[in-house]
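Here are the chains, one letter per residue:
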Amino acid sequence: MNKKLGLVSLTLVTASILAACGGGDDKSASKEPKTLVISTFGLEEDKMQEDVFKPFEEKYNVDIVLETGTSSERLTKLKSNPNSTVDVIELSQSNAADGVSADLFEKIDSSKAPNMDNLIDSAKDLAADGSGPAYTLNSIGIVYNKQTAGKEIKEWDDLWDSSLKGKISIPDITTTFGPAMLYAASGHENVDITTDDGKAAFQGITDLAPNVVKTYSKSSDLANMFQSGEIAAAVVGDFAVPIITESNPDVAYVVPESGTYANFNTININKNSKNKDLAYKYIDWRLSQEVQEKTAVSLNEAPTNKNVVLDEETAKNKTYGDVADRTNKVDSLFVNKNLESWINQWNRILNK
């Protein structure tokens, strides 16, 4: 009798020890990871994995599945299939505005992503209507090889110089910064683009066309174009500058003193996502000081979290500080209203 009681007691003690050590039926330890499908840009995937995705997976017991491509391609794909398995989508400002208009996204409840309280004012304004918050701010400038260009380039107007005939590349109209190129062209004509729906801008593009050897859809392609000597200058988003300059030491980046054109990259939740709670966790993670301090270095992403302070070296080539002060707004609603007409005009001039 006593032996049996002793055996039972020993068994209970052993079970307790095993449970405390994780050997028991611990539901959280044995739980299968959830899957979160993220639609995002295809730049620097290795660094994204290291600094953004893997730490999030480990913290929240998640398997992240990626869908990559240009902003416009991925938005078009979601539009054609709103019941897509995509949970979270990272888009340029213009495409995000288009998705909001199409009622594709969850209206964001900022209380579920506390780091939204730490956004810079311009990013807060962007999300004030419930649109997805911005996780980075970028802008365009001119990257060029002074030797092959044969001249110094400081301003947008310099791109129209006849000495650059057949030597430059600009972003295609359907890319993140395609519309910003139209703003620059309208500025070259000394006309506010919003006053004539782009008429003067296309006169500027027509005058620029002889200098444009190619439009591009992926900024990562520019590195090879500079390396081969196909181009001497290009208009490019600052986020892509390290990719180009690291492989081409003779190439420099300049942001015109007259100003640049800004774009926010935003995060939205698919209205039909089955993982909205996890999607909110991802948004909060992407906006955190911890993550944005890392991505400022590894991904050249200017922070939108106001608590992030960058040193001089890290701030280089980013829409931050003085450069941020020189940014001009691109009106996404205005752009989207005119985009179909603009694409047709653009293709007739540049993509014959």
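Look up: the structure comes first, before these words.
Calculation rules
Residues numbered from 1 in each chain as written. Predicted model: local features only at pLDDT ≥ 70, side-chain atom pairs only at ≥ 80, totals over all residues. Heavy atoms only, no water. Core = buried A, V, L, I, M, F, W, Y, C linked by side-chain atoms within 4.5 Å. Buried < 20%, exposed > 50% of the residue type's maximum accessible area, 1.4 Å probe, protein only. Helix = DSSP H or I, 4+ residues; strand = E, 2+ residues; numbered from the N terminus. Contact = heavy atoms within 4.5 Å. Polar contact = N/O pair within 3.5 Å; in protein donor to acceptor, adjacent residues only side chain to side chain. Salt bridge = Lys/Arg side-chain N within 4 Å of Asp/Glu carboxyl O. Pairing = 2+ DSSP bridges. Phe/Tyr/Trp six-rings, centres within 6.5 Å; stacked < 30°, edge-to-face > 60°. Lys NZ or Arg CZ within 6 Å of the ring centre and 35° of its normal. Axes fitted to C-alpha atoms, helices over the stretch in contact; angles between N-to-C directions. Parallel < 35°, antiparallel > 145°, perpendicular 65-115°, else oblique. Nonpolar A, V, L, I, M, F, W, Y, C, P; charged D, E, K, R; others polar. Expected span 1.5 Å × (residues − 1). Bend = angle between axes of the 7 residues up to and from the residue. Left-handed = near helix turned anticlockwise from the far one by under 90°.

1. Side note on the nonpolar core
Piece 1. Counting residues in each nonpolar core, the largest one holds 37 residues, and the members touching the most others are Ile 170, Met 181, Leu 182 and Trp 346.
Piece 2. Going through the elements one at a time, β4 (134–145), β5 (168–171), α8 (178–188), α9 (199–208), β7 (233–237) and α16 (332–350) are the ones with two or more residues in this core.
Piece 3. Considering each element in turn, this core owes the most residues, 6 residues, to α8.
Piece 4. Each residue touching Trp 346, except ones within four places of it in the same chain, is listed here: Ile 170, Pro 171, Asp 172, Ile 173, Met 181, Leu 182, Phe 202, Ile 205, Thr 215 and Asn 351.
Piece 5. Ile 38, Met 48, Tyr 282 and Trp 285 belong to the second largest nonpolar core, which has 32 residues in total.

2. What to know about the side chain of Asn 265
Piece 1. Summarising the element assignment, Asn 265 is placed in strand β9 (residues 260–269).
Piece 2. A distance of 2.9 Å separates the side chain of Asn 265 from the side chain of Asn 263, its partner in a polar contact.
Piece 3. For Asn 265, the contacting residues outside a window of four places in its chain are Phe 41, Leu 91, Ser 92, Pro 133, Ala 134, Tyr 135, Thr 136 and Asn 138.

3. As for unusual backbone geometry
Piece 1. The residue Asn 190 is not glycine, and still its phi comes out positive at about 60°.
Piece 2. With respect to the element layout, Asn 190 can be found in the loop between α8 and α9.
Piece 3. Accessibility expressed as a relative area gives 71% for Asn 190, which makes it exposed.
Piece 4. Here the phi dihedral of Asp 197 falls at roughly 55°; this positive angle occurs in a residue that is not glycine.
Piece 5. Secondary-structure assignment places Asp 197 in the loop between α8 and α9.
Piece 6. Using a relative accessible area of 38% as the deciding quantity, one classes Asp 197 as partly exposed.

4. Topic: the pattern of salt bridges
Piece 1. Throughout the structure, instances matching the rule amount to 10 salt bridges.
Piece 2. Taking the shortest distance from any N to any O, the salt bridge between Glu 106 and Lys 276 comes out at 2.9 Å. Of this pair, Glu 106 sits in the loop between α5 (93–101) and α6 (121–126) while Lys 276 sits in helix α12 (residues 276–286), and the two are 170 residues apart along the sequence.
Piece 3. The residue Lys 151 makes a salt bridge to Asp 161 at a minimum N-O spacing of 2.9 Å. Residue Lys 151 is located in the loop between α7 (146–149) and β5, and its partner Asp 161 is located in the loop between α7 and β5; the two are separated by 10 residues in the primary sequence.
Piece 4. Lys 151 gets classed as buried once you look at its relative accessible area, which sits at 19%.

5. Here we look at the pairing of strand β3 (residues 88–92)
Piece 1. Counting buried positions along β3 yields 5 of 5 residues, so the element is predominantly enclosed.
Piece 2. The sheet contact formed by strand β1 (residues 34–40) and β3 spans 2 bridges and is parallel. Bridging from a neighbouring strand, Ser 39 pairs with Ile 89 of β3.
Piece 3. Note that β3 and β9 share 5 bridges and pair antiparallel. Bridge pairing in β9 places Leu 91 opposite Thr 266.

6. Description of the packing of aromatic side chains
Piece 1. Following the criterion strictly, the structure yields 7 aromatic pairs and no others.
Piece 2. With 6.4 Å between their ring centres and 20° between their planes, Phe 177 and Phe 239 make a pair best called stacked. Placement of the pair is Phe 177 in the loop between β5 and α8 and Phe 239 in the loop between β7 and α11 (241–247), with a sequence separation of 62 residues.
Piece 3. Classification of Phe 177 as buried rests on a relative accessible area of 4%.
Piece 4. Judged by relative accessible area, which is 23%, Phe 239 ranks as partly exposed.
Piece 5. Ring pairing ties together the aromatic residues Phe 56, Tyr 60, Tyr 282 and Trp 285, which thus form one cluster.
Piece 6. Over the ring of Phe 41 we find Arg 74; its NZ or CZ atom is 4.8 Å from the centre of that ring.

7. Side note on the packing of α8 against α9
Piece 1. Between α8 and α9, the least distance of the axes is 7 Å, while the angle of their chain directions is 90°. With respect to their mutual orientation, α8 and α9 come out roughly perpendicular. Mapping the contact onto sequence places Met 181, Leu 182, Ala 185 and Ser 186 in α8 and Ala 200, Ala 201, Phe 202, Gly 204, Ile 205 and Leu 208 in α9.
Piece 2. Considered class by class, the residues forming the contact of α8 with α9 number 8 nonpolar, 2 polar and no charged.

8. Observations concerning α16
Piece 1. Between its first and last C-alpha atoms α16 spans 23 Å; for 19 residues at 1.5 Å apiece the expected length is 27 Å, and the helix comes up short by more than 12%.
Piece 2. For α16, the principal kink sits at Leu 339 and spans about 60°.
Piece 3. All of the buried residues in α16 are Ser 332, Phe 334, Val 335, Asn 338, Trp 342, Trp 346 and Leu 350.
Piece 4. The N-cap of α16, judged by a side-chain oxygen 3.1 Å from the amide nitrogen of Leu 333 a few residues on, is Asp 331.

9. Some details on the packing of helix α3 (residues 45–60) against helix α13 (residues 289–298)
Piece 1. Between α3 and α13, whose axes approach to 10 Å, the crossing angle comes to 165°. With respect to their mutual orientation, α3 and α13 come out roughly antiparallel. As α3 runs across α13, the sense of the crossing is right-handed. Side by side, α3 and α13 meet where Lys 47, Asp 51 and Val 52 of the first sit next to Val 291, Lys 294, Thr 295 and Ser 298 of the second.
Piece 2. Partitioned by chemical class, the residues of the contact of α3 with α13 number 2 nonpolar, 2 polar and 3 charged.

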